Amino acid sequence: AVEVAPELCRVEDGTAVCAVRKDAGDDPDVTDGMLVYAAVSQTARGLEIDGGEGVGRVTRAGLDQPIGAAAINSVPRRMIAAAAENVCAEYAYAGGLRIVVSIPGGEERARKTFNPALGIEGGLSVLGTSGIVEPMSEQAIVDTIAVEMRQARLAGDRLLLVPGNYGMDFVTERFPALSALPRVKISNYVGDAIDLAVMEGFAGVILVGHIGKLVKLAGGIMNTHSHTADCRMELLCAHAALCGAPQEVCAALMRQVTTDGCLAVLETAGLREPVLASLLQAIQSQLDRRGACTLPVGAILFSNEYGLLGLTAGASRLLREWEAGQENA
């Protein structure tokens, strides 16, 4: 069990109030050091748990709580209820309780979290499960992607995945037919996002991203962060060699520091199109493998300097189907 000394305990107008200070431990976040209050008052019957100042409200479907409810998830609600019931039993209290959780300053801090994007407005979420903080920042991001994907699934069975804002902007400008589809930002977690899409039962997924990230997929690298793996130049060089690039072109590719630089080398050598075709084929193979051949999935690659670079076979097929569906709608 986790025991935390309260910062304050008092009774105000018949309501018992206590507060503890959030200790983020080895995983510091924007909530570290904040005071979390619980105000408990007597009612005729039952147990009501609600959020007060600084606790957000759910405004979109697909979250743990229904629209309009305080963003206090099921597990902490059960923990709060169990603690309250134990105290009631200890003192033979048979009436009801209203418990309001507040986090002063939570609305301001929430602007620095994923909450606004998820549809939690006005404050922070209460998500804890055990009271034990583990350094799981990456898992927190994947969990957020999972929530957004569940919400997207409510809107249909087609999905766009984008690593970040560049992908968002590119879809809007280059593929207006896709702009109405739900999009989920997945950062570097391509493999996890595909796994989640399979679990949610999507009928088709298109990944749209810069070649600097998505070229890594050709080598089966499904977490595209540089601390996991790079291999951008190595992959471009390998596929250039497969397409007949001479040694001096391969050496020039390996000296580049950006994928746009590599594209310039390939353009000069007259190899850009065949190398991109080879890479797109490899990317499609890796995406099919990760999707266990059950999820129709493809990728669209672009460059800030060169624009659209190409579509994998899966992306071309899905794009044709989706555009045809819009025309027939």
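Please refer to the structure higher up on the page.
Note that the coordinates shown come from a computational prediction; the quantities given were computed from them, not determined experimentally. (Residues numbered from 1 in each chain as written. Predicted model: local features only at pLDDT ≥ 70, side-chain atom pairs only at ≥ 80, totals over all residues. Heavy atoms only, no water.)

(A) Representation of the overall build of the protein within the structure. Scanning the protein for helices and strands turns up twelve helices and twelve strands. By the compact-globule yardstick of 20 Å for 329 residues, the protein is too spread out, its C-alpha radius of gyration being 25 Å. Once the C-alpha set of the protein is aligned to its principal axes, its extents read approximately 85 × 50 × 30 Å. In the protein, 64% of the contacts between residues at least 6 apart in sequence involve partners at least 24 apart. About 16800 Å² of surface is accessible on the protein, with carbon and sulfur atoms providing 52% of the total. The positive charge centre, built from 27 side chains, and the negative charge centre, built from 39, are 3 Å apart in the protein. (Helix = DSSP H or I, 4+ residues; strand = E, 2+ residues; numbered from the N terminus. Rg over C-alpha atoms; globule rule 2.2 N^0.38 Å. Contact = heavy atoms within 4.5 Å. Areas by Shrake-Rupley, 256 points an atom, 1.4 Å probe, with all protein chains shown as cover. Lys, Arg positive; Asp, Glu negative; His and termini not counted. Charge placed at Lys NZ, Arg CZ, Asp CG, Glu CD.)

(B) Expanded view of the nonpolar core. Core analysis: the biggest nonpolar cluster contains 51 residues, and Met 149 and Leu 161 have the highest contact counts within it. No other element matches the seven residues that helix α11 (residues 272-290) contributes to this core. When neighbours within four sequence positions are excluded, Leu 161 is seen to be in contact with Met 149, Val 184, Ile 186, Ala 193, Val 205, Ile 206, Leu 207 and Val 208. In this structure, Val 162, Phe 170, Phe 175 and Ala 315 belong to the second largest nonpolar core, which totals 16 residues. (Core = buried A, V, L, I, M, F, W, Y, C linked by side-chain atoms within 4.5 Å. Buried < 20%, exposed > 50% of the residue type's maximum accessible area, 1.4 Å probe, protein only.)

(C) Layout of the environment of Leu 311. Mapped onto the elements of the fold, Leu 311 is located in strand β12 (residues 307-311). As for Leu 311 and Leu 280, which are separated by 31 residues in sequence, their C-alpha atoms are 6.9 Å apart. The contact partners of Leu 311, leaving out residues within four places of it in the chain, are Phe 175, Leu 280, Ala 299, Ile 300, Ser 316 and Leu 319.

(D) Highlighting helix α10 (residues 259-269). Where α10 is concerned, the buried positions are Thr 259, Asp 260, Gly 261, Cys 262, Leu 263, Val 265 and Leu 266. Phi turns positive, to about 70°, at Gly 270, one or two residues after α10.

(E) Layout of the packing of aromatic side chains. Per the counting criterion, the structure on display carries two aromatic pairs. Here the aromatic rings of Phe 170 and Phe 175 are separated by 6.2 Å at their centres, their planes lie at 65°, and the arrangement is edge-to-face. You can call Phe 170 buried: its relative accessible area is 11%. With a centroid separation of 4.3 Å and an interplanar angle of 10°, the aromatic rings of Phe 170 and Phe 302 are classed as stacked. Of the two residues, Phe 170 sits in helix α5 (residues 165-174) while Phe 302 sits in strand β11 (residues 297-303), which places them 132 residues apart along the sequence. Assessed through its relative accessible area of 2%, Phe 302 is described here as buried. Taken together, the ring pairs connect Phe 170, Phe 175 and Phe 302 into an aromatic cluster. For the cation-ring pair, Arg 153 lies above Phe 202, with the distance from its terminal atom to the ring centre recorded as 5.7 Å. (Phe/Tyr/Trp six-rings, centres within 6.5 Å; stacked < 30°, edge-to-face > 60°. Lys NZ or Arg CZ within 6 Å of the ring centre and 35° of its normal.)

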